[in-house]
Amino acid sequence: MIVTVVSMPEVAVTRTDVPEARERLAAASFLLVDVELPEDAPAPATPVADQLGLDGEELDWFGGKDELARAEFLGDRAAFVVPVVHREEIVHLHVVVTERFLVTVHRGQAGLAKDLAVALRHERPDDTVAVLFLLLQEALDTFRRAAVRELLQTEELEDDMFENRRTEHVYRLAQLRRRSALLHHSLLPYLQATDEILTRRMMSPAFPEDRQRRAQGFQNAGRLVLADIESLQDATRRAFASYSSLVAGEQNGVINRLAIVSVIFLPLSFLTGFFGMNFTFLTNRLETKDEFWLLAVGLQILALIGSFYLLHRTRIWRTLRDKE
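All values derive from a computational prediction rather than experimental measurement.

*Asks:* Looking at this model, I keep getting lost on the overall build of the chain. Mind explaining?
*Replies:* Each helix and strand counted, the chain has nine helices and seven strands in total. For a compact globule of 324 residues, the expected C-alpha radius of gyration is about 20 Å, and the chain comes in at 36 Å, more than 25% above that figure. If one aligns the C-alpha atoms of the chain with their principal axes, the spans along those axes are about 120 × 40 × 30 Å. By the burial criterion, 40% of the 324 residues in the chain qualify as buried.

Right, here's the structure in full:
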């Protein structure tokens with residue numbers, strides 16, 4: 001277990017252990033504590049909330065595995081399970097905030113430490129609630145960056161398909177579509193939970209005006225990020241439709257070529273089959289070479305002329321040439 005303590009407002013970062021972090025949480029008035037648990041470690045025998053002295057039966061889930069998105073107001077504190085895009089995965093950051101401190105717990109690296117540290121040094125928040133909204137905004141930004149990156153990849157892939165379609169394009173499109181669904185599935189329940197608790201708090205006359213502005217800003221940003229992810233979903237659907245159209249166009253070309261071959265060779269096959277039959281009329285009446293050339297070869301030449309005339313009238317040649 002790695003424990004990082006950030007003293008505010010000077011943004012002094014130190015590494016410590018659980019007992020010292022517990023003492024500083026009890027004594028300090030403005031403190032941030034980040035706990036990083038081993039990614040594959042089992043749930044600790046003593047809950048993380050109890051180890052840090054947070055004293056709350058409602059926090060028995062805090063630091064546990066496989067927790068879903070959550071936003072709860074617990075009297076003098078609020079608790080969240082915040083999804084974060086880290087590399088190619090969705091990790092969940094557990095957050096508890098009071099007027100005196102903010103504690104985060106996550107398994108493995110969450111990928112927010114660097115961006116949050118930069119934001120803290122620039123913003124210099126004056127209380128833990130302001131830090132909370134900075135943290136929530138940074139988590140939203142990971143979804144925005146992922147959605148924009150995948151959207152650009154989808155558009156580039158669609159351009160490549162029109163230039164030179166390959167079978168691996170459809171596999172990559174399937175990956176992008178699954179990625180967009182994962183982003184949407186992870187973000188939507190979280191935004192619904194946070195909207196519910198923030199709207200309920202903003203309706204309270206005791207909720208400060210500056211916090212209302214921060215909450216409204218976060219809600220608006222969440223809707224914009226969700227719109228970016230939905231745009232990514234639409235782009236992947238459009239790319240799949242483009243791929244299907246290209247495949248359908250190629251199949252139409254193949255069918256047209258088969259139609260040309262059929263129009264030319266089916267009459268010839270019929271004539272050769274007909275004159276290849278051994279019945280009395282052919283064996284008794286066709287006695288000279290002139291009759292053979294006239295009926296056998298002449299009819300085939302007429303069939304070819306008729307086939308080419310039919311193809312010319314239906315413009316199949318021109319259609320194939322234009323598509324190529």
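This is not the end of the story, as more comes after the structure.
*Asks:* Honestly, the packing of aromatic side chains in this entry has me stumped. Any pointers?
*Replies:* What the rule picks out here adds up to two aromatic pairs. Centroid distance W61 to F62: 5.9 Å. Interplanar angle 75 degrees. Geometry classified as edge-to-face. On the basis of relative accessible area, F62 is assigned to the buried category, the value being 2%. Aromatic pair Y190 and F218: ring centres 6.4 Å apart, planes at 80 degrees, arrangement edge-to-face. Within this pair, whereas Y190 is found in helix α5 (residues 167-202), its partner F218 is found in helix α6 (residues 209-275), the two being separated by 28 residues in sequence. Of the two residues, Y190 and F218, both sit in the buried class. Positioned above the aromatic ring of W61 is the side chain of R70, whose terminal nitrogen or guanidinium carbon lies 4.3 Å from the ring centre. Above the plane of the ring of F73 lies R201, whose end atom (NZ or CZ) is 4.2 Å from the centre.

*Asks:* Would you mind going over the pattern of salt bridges with me for this structure?
*Replies:* When the charged atoms of two side chains lie near each other, side chains of opposite charge can form a pair. Counted under the stated rule, the structure contains eleven salt bridges. R77 serves as the salt-bridge partner of D76, at 3.5 Å between the closest nitrogen and oxygen. A relative accessible area of 55% means that D76 is categorised as exposed. Relative accessible area serves as the criterion here: at 14%, R77 is assigned to the buried category. Between E209 and R213 there is a salt bridge whose closest N-O contact spans 3.7 Å. Placement of the pair is E209 and R213 together in helix α6, with a separation of four residues, close to one helical turn. For the pair E209 and R213, one class covers both residues: exposed. Shared partners join several salt bridges into a network, and the residues in it are E67, R70 and E72.

*Asks:* I tried to follow helix α1 (residues 18-27) on my own but got confused; where do I start?
*Replies:* Owing to its 3.6 residues per turn, the α-helix aligns residues three or four sequence positions apart on the same side. Of all the positions in α1, only V18, A21 and L25 are classed as buried. One face of α1 carries all of its buried residues, which in axial projection span an arc of 60 degrees. Within α1, the exposed residues directed more than 90 degrees away from the buried face are P19, E23, A26 and A27. Along its buried surface, α1 packs onto β1 (2-7), β2 (12-16), β3 (31-37), α2 (48-51) and β7 (101-107).

*Asks:* Just checking my understanding: could you explain the sheet that holds β1 for this structure?
*Replies:* Strand pairing in a sheet relies on backbone hydrogen bonds. The paired strands run either parallel or antiparallel. Spatially, β2-β1-β3-β7-β6-β5-β4 is the arrangement adopted by the seven strands of the open sheet, whose pairing is mixed. Each edge of the open sheet is held by one strand with a lone partner, namely β2 and β4 (70-73). Across this sheet, the average inter-strand angle for adjacent strands is 20 degrees, counted without regard to direction. Pairing geometry for strand β5 (residues 78-86) and strand β6 (residues 89-97), over nine bridges, is antiparallel.

*Asks:* Before we go on, may I ask you to explain the packing of α5 against α6 in this structure?
*Replies:* To describe two helices that pack against each other, one gives the angle between their axes and the distance between the axes. The geometry of α5 relative to α6 is characterised by a closest axis approach of 9 Å and an angle of 160 degrees between their N-to-C directions. The angle between α5 and α6 falls in the class roughly antiparallel. Judged by the sense of rotation from one axis to the other, the crossing of α5 with α6 is left-handed. A class-by-class count of the residues in the contact of α5 with α6 yields 21 nonpolar, twelve polar and four charged.

*Asks:* Honestly, the layout of surface pockets in this entry has me stumped. Any pointers?
*Replies:* Empty space among the atoms can be located by rolling a probe the size of a water molecule over them. One number sums up the size of the second largest pocket: a volume of about 410 Å³. If you trace the second largest pocket, you find 15 residues lining it, with D66, I90, V91, H92 and R107 closest to the centre. Top element by residues in the lining of the second largest pocket is β6. It accounts for five residues. Considered class by class, the residues forming the lining of the second largest pocket number three nonpolar, five polar and seven charged.

*Asks:* Help me out: how do you make sense of the side chain of S180 in this one?
*Replies:* By secondary structure assignment, the location of S180 is in helix α5. The buried category is assigned to S180, whose relative accessible area is 1%. Beyond its immediate chain neighbours, meaning those up to four positions away, S180 contacts I229, L232, Q233 and T236.

What counts, and where the lines are drawn
- Every chain is numbered on its own, with residues counted from 1 as its sequence reads.
- Residues qualify for local features only when their pLDDT is at least 70, as the model is predicted, and side-chain atom pairs are given and counted only at 80 or more; totals for whole chains, interfaces and linings, by contrast, use all residues.
- Hydrogen atoms and water are omitted, and side-chain values are computed over all heavy atoms in the structure.
- Secondary structure follows DSSP: runs of H or I at least 4 residues long count as helices, runs of E at least 2 residues long count as strands, and numbering of each begins at the N terminus.
- Atoms considered for the radius of gyration are the C-alpha atoms alone. The globule rule reads 2.2 Å times the number of residues to the power 0.38.
- A 1.4 Å probe rolled over the protein chains alone gives each residue an accessible area, and that area as a share of the maximum for its type sets the label: buried under 20%, exposed over 50%, partly exposed in between.
- Pairing of aromatic rings covers Phe, Tyr and Trp, the last counted by its six-membered ring, and requires centre-to-centre distances within 6.5 Å; plane angles under 30 degrees mean stacked, over 60 mean edge-to-face, and any other angle means tilted.
- Each ring is checked for a lysine NZ or an arginine CZ that lies within 6 Å of its centre and within 35 degrees of its normal; such an atom marks a charge sitting over the ring.
- Salt bridges are counted wherever a side-chain nitrogen of Lys or Arg sits within 4 Å of a carboxyl oxygen of Asp or Glu.
- Starting at the helix axis, one direction is taken to each C-beta atom, and the arc is that of these directions.
- Contacts were defined at the residue level, with two residues in contact if any of their heavy atoms lie within 4.5 Å.
- Here the rule is simple: two strands pair whenever DSSP picks up at least two bridges between them.
- Here, axes are lines fitted to C-alpha atoms. For helices the fit covers the stretch in contact, and angles between N-to-C directions go from 0 to 180 degrees.
- Each angle is binned into one of four classes, with values under 35 degrees roughly parallel, values over 145 roughly antiparallel, values of 65 to 115 roughly perpendicular, and all other values oblique.
- Left-handed describes a crossing whose near helix is turned anticlockwise from the far helix through less than a right angle; right-handed describes the clockwise counterpart.
- Classes in brief: Ala, Val, Leu, Ile, Met, Phe, Trp, Tyr, Cys and Pro nonpolar; Asp, Glu, Lys and Arg charged; the others, Gly included, polar.
- Points on a 1 Å grid, built from protein atoms alone, make a cavity when a 1.4 Å probe fits but cannot get out and make a pocket when they are open with protein on both sides within 12 Å along at least 5 of 7 lines; residues with an atom within 4 Å of a point are the lining residues.
- Grid points are joined across faces, edges and corners, and a volume is the space filled by probe spheres set on the points.

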